Amino acid sequence: MADGDAGAGQMRARRPASDRAAPLATLALLLAGALALAGCTSDGSDEPDSPAGSASERQAVARDDAALDVAESSPVEDRVYPRVGDPGVDALHYDLDLTWQPRTRRLSGVETLVFRATGDAERFQLDLGAPLEVSAVRLDGQEVAYDHAGKDLVVRTPVTRDRRYTLDVEYAGTPKPVAAPTTRTDFSTLGWTITRDDETWTMQEPFGAYSWYAVNDQPSDKALYDFTITAPAPMLGVANGTLESRRTEDGTTVTKWHLDEPAASYLVTVAIGDFEETRERSQSGVPVTYWTPRDQPRFVRRLRVAADELDWIEERLGAYPFSSLGIVLVDSRSGMETQTMITLGAANYATSPGVIVHEMVHQWYGNQVTPVDWRDVWMNEGMAMYLQLAWQADHADAPLGDVLDRLAPAEPLLRLESGPPADYDPATFGEGNIYIIPALMWHELRERLGEREFWAGLRAWPGVHENGNASYDDITAWWSEHTGRDLSAFFDAWLLGEKSPPRD
Ligand SMILES: [Zn+2]
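Only a predicted model underlies this, so the values are computations on that prediction, with no experimental measurement involved. (Residues numbered from 1 in each chain as written. Predicted model: local features only at pLDDT ≥ 70, side-chain atom pairs only at ≥ 80, totals over all residues. Heavy atoms only, no water.)

Observations concerning the overall build of the protein
Okay, so step 1: In terms of regular secondary structure, the protein is built from twelve helices and 23 strands.
Okay, so step 2: Long-range contacts, defined here as pairs at least 24 residues apart, represent 71% of the contacts in the protein between residues at least 6 apart.
Okay, so step 3: Counting only carbon and sulfur atoms, one obtains 48% of the accessible surface of the protein, whose full area is about 18,600 Å². (Helix = DSSP H or I, 4+ residues; strand = E, 2+ residues; numbered from the N terminus. Contact = heavy atoms within 4.5 Å. Areas by Shrake-Rupley, 256 points an atom, 1.4 Å probe, with all protein chains shown as cover.)

Dropping the structure here:
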């Protein structure tokens, strides 16, 4: 996710000072001063919008298909947000068939989930928003008893450890976004959001996917996805992965999307609106698509920096880890690194070149390797922030060290207000402490290790847990092993300490 404090800083002039607490206002101004945004450039004219080709209709996924093995996870109970997710379920593949009726604001879902039971149990549960009414639940084709109280969809039938099951859930209703555990100003709710024009979009970090489908909504459980989205033309649905087909018949558009590598639920995106598609390719050959509101063509020019920026990131982190990249522009004020299809708010800050770099870095740090639970979201945001600042310094011809020196004085305040990066206050998710402090930490580590060793580590780490998850102990022990130095005290001081560690 983009750093909302920086965003607030960019937009401060247009917003009343009463919108946020005084100490953060100070930080926002500091960030605005430290982040010298480079101007964005565009490489030329738009390509014509071309409908996607005629990909074959996908067969229903068989639960014993070995292709699902890549999505096997070791789900845990979240230490920060334990009410969301069920470690008894290991979701492997979600097939989501969604129909949006803007006139009535009604979403109808036919969901087929293939999952592995992680233990013997009398029941299991998924998260599904209370406003959605469930009409049928079947396990391996048989109707089963269930309760849907609050957001907990409890399926009352026994399951056996390590057996795979196919669960069908049919539901409908008007989804309602859920409250975000944050004091940020760029978002306050999470999940399925309906615009004034009855278009829809989703952003759902650290949870909130359950506002629109039945899901094990915790980051340790990654799964594969297929989407079929039906909406009245000219609206169409955009989602993660690649567009397999797009057809308009009798005034209705159906799009099918396929995500071929597993994603955590907070990295899933669906947006339904009147989008125009623009395609291009990075130097390295990654297909890049932009989905922008048809009535706002100026945004295409802003987004097209992404292909060049991807080249810059690949020079540092190695080859892009997925088969395609897209950006969908929605009516939000934030930005989110949703896997292979970044979701950006149609605002100047959210579409700035620095934020686009930030969300692309997350495809390595956060998406290819994902924290086991929310305690370690610093693993994502620290690196995305660090390389965002490095890109901005590069393009503003300013030494990165100077930019960081200007941010450093805020560090103790961030620690005090929201807690150390790896031990933060659950009510202040996504504050500056998980961005700025680990960004300073990575720079400090770079100075200690030297260029060669530092960049080799940065490049190597995401692949160590490709398509998987990692914990605090995993990443800190790996860096010690990788460098042959005991770095545990260094990481503990920066990430868990009450006091700011000294900088060189
Ligand atoms: Zn981020």
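Observations regarding the coordination of the zinc ion
Okay, so step 1: Coordination of the zinc ion by the protein is provided by M1 (N), M1 (O), H358 (NE2), H362 (NE2) and E381 (OE), with metal-donor distances spanning 1.9 to 2.5 Å.
Okay, so step 2: Here the donor residues of the zinc ion share one chain and are spaced in sequence as M-x356-H-x3-H-x18-E. Separated by 361 residues along the polypeptide, M1 in the segment before α1 (4–11) and H362 in the loop between α5 (353–361) and β22 (369–371) bring together distant segments of the chain.
Okay, so step 3: You can call H362 buried: its relative accessible area is 0%. (Donors = N, O, S within 2.8 Å, 3.2 Å for Na, K, Ca; no water. Buried < 20%, exposed > 50% of the residue type's maximum accessible area, 1.4 Å probe, protein only.)

Some words on the side chain of E381
Okay, so step 1: Looking at where E381 falls in the secondary structure, it is placed in helix α6 (residues 378–396).
Okay, so step 2: Within polar-contact distance, the side chain of E381 engages the side chain of H358 at 3.1 Å.
Okay, so step 3: Once you skip the residues sitting within four places of it in the chain, E381 turns out to touch M1, E205, E337, H358, H362, I434 and Y435. (Polar contact = N/O pair within 3.5 Å; in protein donor to acceptor, adjacent residues only side chain to side chain.)

Some words on α6
A turn of α-helix holds 3.6 residues, and therefore any two residues three or four places apart point the same way.
Okay, so step 1: Under the 1.5 Å per step criterion, the end-to-end length of α6 is 26 Å for 19 residues, consistent within 8% with the ideal 27 Å.
Okay, so step 2: Summarising burial for α6: 16 of the 19 residues are buried, a large majority.
Okay, so step 3: Positive backbone phi, approximately 55°, marks D397, located one or two places after α6. (Expected span 1.5 Å × (residues − 1).)

Some details on the sheet that holds strand β21 (residues 341–345)
Okay, so step 1: Read across the open sheet, the five strands follow the order β17-β18-β19-β21-β20; overall the sheet is mixed. Two strands lie at the open edges of the sheet, namely β17 (275–281) and β20 (335–336), each paired on one side alone.
Okay, so step 2: Packing against the sheet, α5 makes contact with β19 (325–330), β20 and β21, and its axis sits at approximately 150° to β21. (Pairing = 2+ DSSP bridges. Axes fitted to C-alpha atoms, helices over the stretch in contact; angles between N-to-C directions.)

Concerning the environment of T269
Okay, so step 1: Examined against the element boundaries, T269 turns out to sit in the loop between β15 (252–263) and β16 (270–273).
Okay, so step 2: According to the relative accessible area criterion, T269 is buried, its value standing at 1%.
Okay, so step 3: Separated by 68 residues in sequence, T269 and W201 have C-alpha atoms that sit 7.5 Å apart.
Okay, so step 4: With sequence-adjacent residues up to four places away left out, T269 is seen in contact with T202, V238, A239, N240, T338, M341 and T343.
Okay, so step 5: Within polar-contact distance, the side chain of T269 engages the side chain of T343 at 2.8 Å.

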